Amino acid sequence: MRKEYSIAEARDHLSGLIHSAETGRPVKLTRRGRPVAVLVSERDYTRMTGGGKEFWNALAAFRREVDLERLKIGRETFNSVRAPDRGRDVVL
């Protein structure tokens with residue numbers, strides 16, 4: 001299936017376009033050749049709009065669900081992940 005349809009074409013193929021979006025293939029809708037909208041799955045829309053869990057809640061859920069001790073992942077695992085320097089200077 002193509003990735004771009006005019007609104008008139010989309011009207012005639014709506015169920016197929018929705019199926020395409022549901023399976024992870026966004027569809028661009030155009031009016032007079034100019035892009036005006038994109039049809040995406042509910043899952044992708046929720047992810048893009050931040051409708052999912054906030055980071056802290058997601059981290060707390062992860063900590064409850066995953067036994068880090070069993071995986072032998074402790075704080076020391078992350079000691080060398082970040083460089084010890086301050087980073088670059090930024091002018092604000």
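(A) A look at the environment of His 19. Relative to the helices and strands, His 19 is located in helix H2 (residues 14–22). The partly exposed category is assigned to His 19, whose relative accessible area is 45%. The spatial distance from the C-alpha of His 19 to the C-alpha of Ala 61 is 32 Å, given a sequence separation of 42 residues.

(B) Summary view of the nonpolar core. Tyr 5, Ala 10, Leu 17, Val 27 and Leu 29 together form the largest nonpolar core, which totals five residues. Ignoring sequence-local partners within four residues, the contact set of Val 27 consists of Lys 3, Tyr 5, Leu 17, Ser 20, Ala 37, Val 38 and Leu 39.

(C) Inspection of unusual backbone geometry at higher detail. Of note, the phi angle at Arg 32 is positive, near 55 degrees, even though the residue is not glycine. Note that Arg 32 resides in the loop between strand E2 (27–31) and strand E3 (34–39). Arg 32 sits in the exposed class, given a relative accessible area of 80%.

(D) Spatial organisation of H2. Looking only at H2, the buried set comprises Leu 17, Ser 20 and Ala 21. Taken end-on, H2 shows its buried residues confined to a sector of 95 degrees, consistent with a single buried face. Exposed positions of H2 whose direction lies more than 90 degrees from the buried face are Ser 15 and Glu 22. Packed against the buried residues of H2 are strand E1 (4–6), helix H1 (7–12), E2 and E3. The first or second residue beyond H2 is Gly 24, which carries a positive phi of 90 degrees.

(E) Looking closely at the pairing of E2. By the bridge criterion, three bridges tie E1 to E2 in an arrangement that is parallel. Residue pairing for E2: Tyr 5 is matched across the bridge by Leu 29. Counted along the chain from E2 to the antiparallel partner E3, the turn is two residues long, and its residue Arg 32 has a positive phi close to 55 degrees.

(F) Region of the structure containing the sheet that holds E2. Taken in spatial order, the three strands line up as E1-E2-E3 in an open sheet, and their pairing is mixed. Bordering the open sheet on either side are E1 and E3, each of which pairs with just one other strand. Going across the sheet, the axis of each strand differs from the next one's by a mean of 35 degrees, ignoring polarity. This element, H2, spans E1, E2 and E3 of the sheet and lies at about 65 degrees to E3.

The rules we used
- Within each chain, residue numbers correspond to sequence positions counted from 1 in written order.
- In keeping with the model being predicted, local features are shown solely for residues with a pLDDT of at least 70 and side-chain atom pairs are shown and tallied solely at 80 or more, while totals for entire chains, interfaces and linings include all residues.
- As a rule here, side-chain values come from all non-hydrogen atoms in the structure, and water together with hydrogens is ignored.
- Segments assigned H or I by DSSP are reported as helices when at least four residues long, segments assigned E as strands when at least two residues long, and all are numbered from the N terminus.
- Relative accessibility under 20% of the residue-type maximum defines a buried residue, over 50% an exposed one, and the middle range a partly exposed one, all with a 1.4 Å probe and only protein chains included.
- Within this scheme, the nonpolar core is defined by two criteria: the residues are buried Ala, Val, Leu, Ile, Met, Phe, Trp, Tyr or Cys, and they are joined through side-chain atoms within 4.5 Å.
- Any two residues having at least one pair of non-hydrogen atoms within 4.5 Å are treated as being in contact.
- By arc we mean the arc of the directions from the helix axis to the C-beta atoms, nothing more.
- At least two bridges found by DSSP between two strands are what make those strands a pair.
- What counts as an axis is a line fitted to C-alpha atoms, over the stretch in contact for a helix, and the angles between N-to-C directions run from 0 to 180 degrees.

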